[in-house]
Amino acid sequence: MRHIISVLMENESGALSRVAGLFSARGYNIESLTVAPTEDPTLSRMTLVTTGSEEIIEQITKQLNKLIDVVKLADITGGEHIERELMLIKVRAEDANQREEVKRMTDIFRGRVIDVKDSTFTIELTGDGAKLDAFIEAVDKKSILETVRSGATGIGRGGKCLHI
Amino acid sequence: MKLSGAEIFVQFLKDEGVKHVFGYPGGAVLHIYDALFQQEDVKHILVRHEQGGVHAADGYARSTGKPGVALVTSGPGATNAITGIATAYLDSIPLVVITGQVVSAFIGSDAFQEVDSVGISRPCVKHNFLVKDVKDLAMTLKKAFYVATTGRPGPVVVDIPKDTTDPGIKIDYEYPKEVRMRSYNPTVKGHPGQIKRAIDIITSAKRPMIYTGGGVVLSNAGDELTAFTKTLGYPITNTLMGLGAYPGTDRQFVGMLGMHGTYEANMAMHECDVLIAIGARFDDRVTGDTKQFCPKATIIHIDIDPASISKTVRVDIPIVGDIKTVMSDMNKELKAGKQKPDARALDSWWKQIEMWRSKDCLRYDRNSALIKPQFVIEKLYEVTKGDAFVTSDVGQHQMFAAQFYKFDKPRRWINSGGLGTMGFGLPAALGVKMAHPDHDVACVTGEASIQMCIQELSMALQYNLPVKVVNLNNRYMGMVRQWQEFFYDRRYSQSYMETLPDFVKLAEAYGHVGMRIEKPADVEGALKEAFAMKDRLVFLDFITDQTENVYPMIAAGKGHHEMHMSPERELA
């Protein structure tokens, strides 16, 4: 099962390596990991996407909680939540036909063209992982020059908050 | 008062109540050593290798319950300390290890004697810190002691770049009396509802079993555990780390469990209907095959570390909290409650256990012309009246000591259970002796293990630490030899210790007394003579039977009911 674990941790050097080290030392899967400071600059929020049986996920959350730098965490897949990922994708757009096709596809997926050059378009797209996958499927494979994905971030719906 | 970083370091140790620091100087910690030189409150003990230094601090901590402190330099000082740190980590021992670091401006430049100490130690510490600013030094040290000693204890490394201790930069110092960390608040009190549920299940058991580990020792909960066990009248087993938390001579004690545990302890585990696990972590050497572990039991688990619960074995009733606090709450509940154990069921359970016990699974050949290692431990027990601090290294001798020395008090049995570090025994014994100068301290070891930290015989002389080294010398890495005999068709690959030194002369070269004992009849006399020499370290080299093995034995991956008995016992 895929789980999204949100972690609030002290914004200190080395905190990220403690988490990464924990996952490699204990052999846990890690699909993606994003981290950035919150509105409180002393705190970072990390979003981890991992897979494993219920027992493994329980161990992962316990082991994360055991890290001294971790203030609080939640498995947001346990309740209603919103998941978003950002993708920047650069595609070949040379003739008018190609450019028109890419523009149309971008509109259908509610993306934005953020950089236009003679032979390339760069598109910004947000959504859950499946939507980004679908976009990649929809455009002509041969025309893709580069993709960058941020990894998933997520937040609980409504009153459910992860804060201190 | 205005102090330099080095002076703050020393003053802080004083204020924190630290009496002894085990260490080894070097370039990155010279400022600190200069500050240590100019005072007398904190005593520095010069070890001969950083591994020995951390083990000595570890032995000191295990025998006192206070945090052990070690001080080493950057680079090789820090890497040599790692084995000691990992040893303490696996057994949850509170240590603060200070590693010097190169000047902060040089960090990351592959400077002389630079390693990433924070990075290297990360997987084997409870937490670690790098202190780049002298203003953070006192508070960071406070946090280090706080983290090391609270919750599930463990080693904490504080890496201090040389410029942080610069004698030219003085700042105001005040001892931080308190520390609060929003990200670290260990649970102490057990959930009352869970405790009630546990008591209901415990008192309605027909075939109960109490299984306790090092957590009881760490939490100083021996008295509470003993009261609990006595009130219930249930059988109790200890893990290797838990020995002494419950009196080893008591009838309710059925011996150690696990790979080399007693027949009665392992069979009672296999057959019990309620298992009460306290401060134990279901280690693979204890559980054997987890699929066959306590197949009939409802499992209650009390532990301060939530991550220990249901880690390898699914638990039915978890209680997270400090063992001492939880056990006294349980004892109150037991006293107040109407629930009483089922006396009839308990009676027939004990009859069954006594049948298992009557197999006398630890029997060995007492008529041998060769010295049996078990015999040496039995005599050690008698000569020291069961009241010595006993440290050990790792291997057969460790198991014999655990099986045959009946520890009645906690913190008397000191060994590397989790990491299994050869070389631990001697420096640990010296740390123990530093803390308990008036007690007998014995280091039970083997000719292979002792050579891994033998240089500390020198530290023993310098600080007058007259421990007794009980060397069970069978000229083999005994446990390796045993596995090769059982599982590798007697191909004794690299396990024979050729070209051994003359240990008597070696002991004498270090300024100690050496004795070689070759006949069973001389064992007791030699031990008596050695322990009578109160002010001398005596190295007793017992030439033991090379073919002796540790029994009973559960092969790795087998169940508790699948024990091998000694050929001696199977003939009987």
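Source: prediction; values computed, not measured.

Criteria and thresholds
Counting restarts for each chain, with residues numbered from 1 along the sequence as it is written. Written order determines the labels here, with chains lettered from A and ligands numbered from 1. With pLDDT at 70 or above as the cut-off, local features in this predicted model cover only qualifying residues; side-chain atom pairs require 80 or more to be listed or tallied, and sums for whole chains, interfaces and linings still use all residues. Working from all heavy atoms in the structure, the side-chain values ignore hydrogens and water. Helix and strand assignments come from DSSP, with helices taken as H or I runs of at least 4 residues and strands as E runs of at least 2, each series counted from the N terminus. Working definition: with a 1.4 Å probe on protein chains only, accessible area under 20% of the residue-type maximum means buried, over 50% means exposed, and in between means partly exposed. Contact between two residues is taken to exist if any of their heavy atoms lie within 4.5 Å; hydrogens are not considered. Here the Shrake-Rupley method, with its probe set to 1.4 Å, supplies the accessible areas, and only the displayed protein chains count as covering residues. We treat Lys and Arg as the positive residues and Asp and Glu as the negative residues; His and chain ends play no part in the count. In plain terms, the charge of a residue is placed at NZ if it is Lys, CZ if Arg, CG if Asp and CD if Glu. Note on method: radius of gyration uses C-alpha positions; expected globular size equals 2.2 Å times residues raised to 0.38. In this analysis the probe radius is 1.4 Å and the grid spacing 1 Å, with only protein atoms considered; a cavity is a set of points the probe fits into but cannot get out of, a pocket is an open set with protein on both sides within 12 Å along at least five of seven lines, and lining residues have an atom within 4 Å of a point. Grid points are joined across faces, edges and corners, and a volume is the space filled by probe spheres set on the points. By buried area we mean the combined loss of accessible area, with a 1.4 Å probe, across both parts when two parts are placed together. A pairing counts as a salt bridge when a side-chain nitrogen of Lys or Arg comes within 4 Å of a carboxyl oxygen of Asp or Glu. Residues are grouped as follows: Ala, Val, Leu, Ile, Met, Phe, Trp, Tyr, Cys and Pro are nonpolar; Asp, Glu, Lys and Arg are charged; every other residue, Gly included, is polar. Residue ranges for the domains originate in an automatic or database domain assignment. A 3.5 Å cut-off defines polar contacts: any pair of N or O atoms within that distance qualifies, except that in protein one atom must be a possible hydrogen donor and the other a possible acceptor, and neighbouring residues in sequence count only when both atoms are side-chain atoms. Criterion used throughout: strands pair if DSSP finds at least two bridges between them. Note on geometry: axes are lines fitted to C-alpha atoms, helical ones only across the stretch in contact, with angles between N-to-C directions running from 0 to 180 degrees. Nine residue types can take part in a nonpolar core, namely buried Ala, Val, Leu, Ile, Met, Phe, Trp, Tyr and Cys, and a core is a set of them joined through side-chain atoms within 4.5 Å. A pair of Phe, Tyr and Trp rings is counted when the ring centres sit within 6.5 Å of each other, with Trp represented by its six-membered ring. The angle between the planes then sorts it: under 30 degrees is stacked, over 60 is edge-to-face, the rest tilted. By definition, being over a ring means that NZ of Lys or CZ of Arg is both within 6 Å of the ring centre and within 35 degrees of the ring normal.

On to the overall build of chain A. Regarding its fold elements, chain A presents 4 helices and 9 strands. Listing the helices and strands of chain A from first to last along the sequence gives β-α-β-β-α-β-β-α-β-β-α-β-β. Overall, chain A is about 55 × 35 × 35 Å in size when its C-alpha atoms are taken along their principal axes. Residues classed as buried in chain A amount to 40% of the 164 residues present. For chain A, contacts bridging at least 24 residues in sequence account for 72% of all contacts bridging at least 6. Put simply, chain A shows about 8,800 Å² of open surface, and 52% of that area lies on carbon and sulfur atoms. For chain A, the distance from the average position of its 22 positive side-chain charges to the average position of its 26 negative side-chain charges is 1 Å.

With that out of the way, let us pick up the overall build of chain B. Looking only at helices and strands, chain B features 21 helices and 20 strands. For a compact globule of 572 residues, the expected C-alpha radius of gyration is about 25 Å, and chain B comes in at 24 Å, within 12% of that figure. Across its three principal directions, the C-alpha atoms of chain B cover 75 × 60 × 40 Å. A burial count over chain B gives 61% of its 572 residues as buried. Within chain B, counting contacts between residues at least 6 apart in sequence, those at least 24 apart form 77% of the total.

Let's shift gears to unusual backbone geometry. The phi angle of most residues is negative, glycine excepted, and most peptide bonds adopt the trans form. Residues and elements named next belong to chain B. A cis amide bond links Y551 with the next residue in sequence, P552, at an omega value of -5°. Checked against the element boundaries, P552 lands in the loop between β20 (538-543) and α21 (567-571). Positive phi outside glycine occurs at D360, with the angle close to 55°. One can find D360 in the loop between α13 (343-357) and α14 (373-383).

Residue and element names in this part refer to chain B. Considering all chains together, one arrives at 1 cavity of 30 Å³ or more under this definition. Contributing to the lining of the largest cavity are A78, T79, I82, I85, T99, V115, S117, I120 and S121. Breaking the lining of the largest cavity down by element, the ones donating at least two residues are α4 (76-90) and α5 (117-121). Considering each element in turn, the lining of the largest cavity owes the most residues, 4 residues, to α4.

Turning to the interface of chain B and chain A, a few remarks are in order. Facing 18 residues of chain B, the contacting portion of chain A comprises 19 residues. When the two sides are added together, the surface that chain B and chain A hide from each other amounts to roughly 1,500 Å², 45% of it contributed by carbon and sulfur. Considering only the side of chain B, the residues that lose the most area to chain A are R122, R182 and S183 of chain B, jointly responsible for 41% of the buried surface there. For D40 of chain A, the salt bridge identified is with R182 of chain B, shortest N-O distance 3.9 Å. Class assignment for the residues of the side of chain B that touches chain A results in 7 nonpolar, 4 polar and 7 charged.

All names here are of chain A. Looking at chain A, the domain boundaries give domain 1 (2-75) and domain 2 (82-153). Contacts between domain 1 and domain 2 engage 6 residues on the former and 5 residues on the latter. Buried area between domain 1 and domain 2, summed over both chains or domains, comes out near 400 Å², and the portion from carbon and sulfur atoms is 56%. Inspection of the region where domain 1 meets domain 2 yields 1 salt bridge. Where R2 meets E83, a salt bridge forms, and the shortest distance between an N and an O atom there is 2.6 Å. Linking domain 1 with domain 2 are 2 residue pairs in polar contact (both at pLDDT 80 or more), by the criterion used here. Taken together, the elements giving at least two residues each to the side of domain 1 that touches domain 2 come down to β1 (2-10), β2 (32-37) and β3 (43-51). Grouping the constituent residues of the side of domain 1 that touches domain 2 by class yields 2 nonpolar, 3 polar and 1 charged.

Moving on to the sheet that holds strand β10 (residues 236-238) of chain B. Within a sheet, adjacent strands bond to each other through the backbone by hydrogen bonds, running parallel or antiparallel. All names here are of chain B. One open sheet accounts for 6 strands, arranged β11-β10-β9-β12-β13-β14; its pairing is parallel. Looking at which strands have only one partner, the edges of the open sheet turn out to be β11 (253-256) and β14 (317-320). Looking at each pair of strands side by side, their axes are set apart by 15° on average, direction ignored. Here 3 bridges tie strand β9 (residues 208-212) to β10, and the two strands are oriented parallel to one another. Each bridged residue has a counterpart across the sheet, and for T212 the counterpart in β10 is N238. Contacts from α13 reach β9 and β11, with the element oriented near 45° to β11.

All names here are of chain B. Spatial strand order, β16-β15-β17-β18-β20-β19: 6 strands in an open sheet with parallel pairing. Of all strands in the sheet, those with a lone pairing partner are β16 (413-414) and β19 (513-517), marking the two edges. Of the strand pairs in this sheet, β19 and β20 are connected by 5 bridges, and their pairing is parallel. Following the sheet pairing, M515 is matched in β20 by L540. Strand contacts of α14: β17 (441-446), β18 (468-473) and β20, with the helix running at about 160° to β18, the strand carrying the most contacts.

This part is about the nonpolar core. All names here are of chain B. Counting 97 residues, the largest nonpolar core has F228, L275, I278, M330, L540 and F542 as its most contacted members. Among all residues touching L540, those that are not within four sequence positions of it are K468, V469, V470, N471, M515, I517, A526, L527 and A530. Listed in part, the 45 residues of the second largest apolar core include I45, A70, F389 and I414.

In this section: the packing of aromatic side chains. Residue and element names in this part refer to chain B. Following the criterion strictly, the structure yields 19 aromatic pairs over all chains and no others. Ring geometry for F22 and Y60: centres 5.9 Å apart, planes at 65°, overall edge-to-face. In this pair, F22 sits in strand β2 (residues 20-23) while Y60 sits in helix α3 (residues 50-64), placing the two residues 38 residues apart along the sequence. The same class applies to F22 as to Y60, namely buried. A network of ring pairs unites the aromatic residues Y381, Y405, F407 and W413 as a single cluster. The positively charged end of R412 is found above the aromatic ring belonging to F389, 4.3 Å away from the centroid. A cation sits over an aromatic face here: R481 above Y476, 5.7 Å from the ring centre.

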